[in-house]
Amino acid sequence: MRRGLLGGTFDPIHMAHLIAGEVAFRDLNLDIVTFLPAGAPWQKADRDVSDRTDRWQMTRLAVEPVEYFEADSREVERDGWSYTIDTLAAFPDDELFLVLGADAAAGIPTWKSADQILSRCVVAVVPRPGTDPDAVEDAIGHVHWLDMPLLDLSGTQIRARWSSGRSVRFMVPEAVYRYAVQHRLYE
């Protein structure tokens, strides 16, 4: 199976994540795109992150309407830090494509078992405003650039807008918006 893995904190999952999944599905001729919210993201150990159960539920709600998207809870169920290398090992028979924003891709050399990650999967990169494509390729070598428009949208930006009372509607899927309002996640 040709599987795209799109992981992240998803605090909250937003439209740029879903668009990246769609572009990866089409550009890479994937069978499925698996969205994996991080249980305990080690790279954000110094920041407040919403409860893993809420981030899992929002991810599940966001991908549910798309038949070739799936939400996978293995990282939110795992004790301790979430490491990509452990997740890749869970799909031993699949041809894997790791879908990342350019900023995250440039940081792969700092990840646990970075060389093993790069040898196990194709890194498919989403262009991000402010991230130099040459810096990404200098950091990790050859990557597959996804043909996606630049979208300046992030969870940090959405949380800041939400907490200051500004609208985030249509930046997140409607089901995610309703869930976050109901559970008062970003007020």
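Residues numbered from 1 in each chain as written. Predicted model: local features only at pLDDT ≥ 70, side-chain atom pairs only at ≥ 80, totals over all residues. Heavy atoms only, no water.

*Asks:* Describe the pairing of strand β5 (residues 121–126), listing the residues and the values that go with them.
*Replies:* Counted residue by residue, β5 has 5 buried out of 6 residues, so it is predominantly covered. As defined by bridge partners, strand β4 (residues 95–101) adjoins β5 across 6 bridges and the pair is classed as parallel. Directly across from L100, in β5, lies its bridge partner V125. Strand direction decides the pairing type here: β5 and strand β6 (residues 144–145), joined by 2 bridges, are parallel. Counterpart to A124 in the pairing with β6 is H144. Handedness of the crossover joining β5 and β6 through helix α7 (residues 133–140) is recorded here as right-handed. (Buried < 20%, exposed > 50% of the residue type's maximum accessible area, 1.4 Å probe, protein only. Helix = DSSP H or I, 4+ residues; strand = E, 2+ residues; numbered from the N terminus. Pairing = 2+ DSSP bridges. Right-handed = clockwise from strand over helix to strand, strands pointing away.)

*Asks:* Residue-level account of a negative patch on the surface, with values.
*Replies:* On the surface, D132, D134, E137 and D138 cluster together into a negatively charged patch. Relative to the helices and strands, D134 resides in helix α7. (Patch = residues over 30% accessible without salt bridge, like charges linked within 9 Å, V, L, I, M, F, W, Y side chains within 5 Å. Areas by Shrake-Rupley, 256 points an atom, 1.4 Å probe, with all protein chains shown as cover. Salt bridge = Lys/Arg side-chain N within 4 Å of Asp/Glu carboxyl O. Lys, Arg positive; Asp, Glu negative; His and termini not counted. Charge placed at Lys NZ, Arg CZ, Asp CG, Glu CD.)

*Asks:* Lay out the side chain of D11 in plain terms, naming residues and giving numbers.
*Replies:* Tracing the chain through its elements places D11 in the loop between β1 (2–8) and α1 (15–27). Here D11 sits buried without a salt bridge, and the closest side chain of opposite charge, R159, lies 4.1 Å off (N-O distance). Apart from the residues lying within four places of it in its own chain, the contact partners of D11 are V49, S50, R55, G155, R159 and Y186. (Contact = heavy atoms within 4.5 Å.)

*Asks:* Describe unusual backbone geometry, and please don't skip the residues or the numbers.
*Replies:* Keep in mind that most residues, glycine aside, have a negative phi and that most peptide bonds are trans. Backbone torsion omega between D11 and P12 reads 0°, so that peptide bond is classified as cis. Following the sequence through the fold, P12 ends up in the loop between β1 and α1. You will see that F10, though not glycine, has its phi angle at about 55°, which is positive. Within the element layout of this structure, F10 appears in the loop between β1 and α1. Exposure remark for F10: the relative accessible area of 2% places this residue in the buried category. Unlike most non-glycine residues, N29 shows phi in positive territory, near 55°. Tracing the backbone shows N29 in the loop between α1 and β2 (32–37).

*Asks:* Talk me through the nonpolar core; I want residue IDs and the actual numbers.
*Replies:* Nonpolar side chains in soluble globular proteins tend to be buried together. One finds I13, F35, M58 and L146 to be the most contacted residues of the largest nonpolar core, which totals 35 residues. Those elements giving two or more residues to this core turn out to be α1, β2, α2 (52–63), β4, β5, α8 (155–163) and α9 (174–182). The element best represented in this core is α1, accounting for 6 residues. Apart from the residues within four sequence positions on either side, F35 is in contact with L6, F10, I13, H17, L18, G21, T59, V63, F69, E70, A71 and D72. Counting 20 residues, the second largest nonpolar core, distinct from the first, contains A105, I108, V123 and I140. (Core = buried A, V, L, I, M, F, W, Y, C linked by side-chain atoms within 4.5 Å.)

*Asks:* Could you give me a rundown of the sheet that holds β5, with the residues and numbers involved?
*Replies:* An order of β3-β2-β1-β4-β5-β6 is seen for the 6 strands of this open sheet, with the pairing classed as parallel. Of all strands in the sheet, those bounded by a partner on one side alone are β3 (69–71) and β6. Strand direction decides the pairing type here: β1 and β4, joined by 4 bridges, are parallel. What sits directly across from R3, in β4, is L96. Running over the sheet, α1 touches β1, β2, β3, β4, β5 and β6 and is turned about 150° from β2. Along the sheet, α2 makes contact with β2 and β3, crossing β3 at roughly 160°. (Axes fitted to C-alpha atoms, helices over the stretch in contact; angles between N-to-C directions.)

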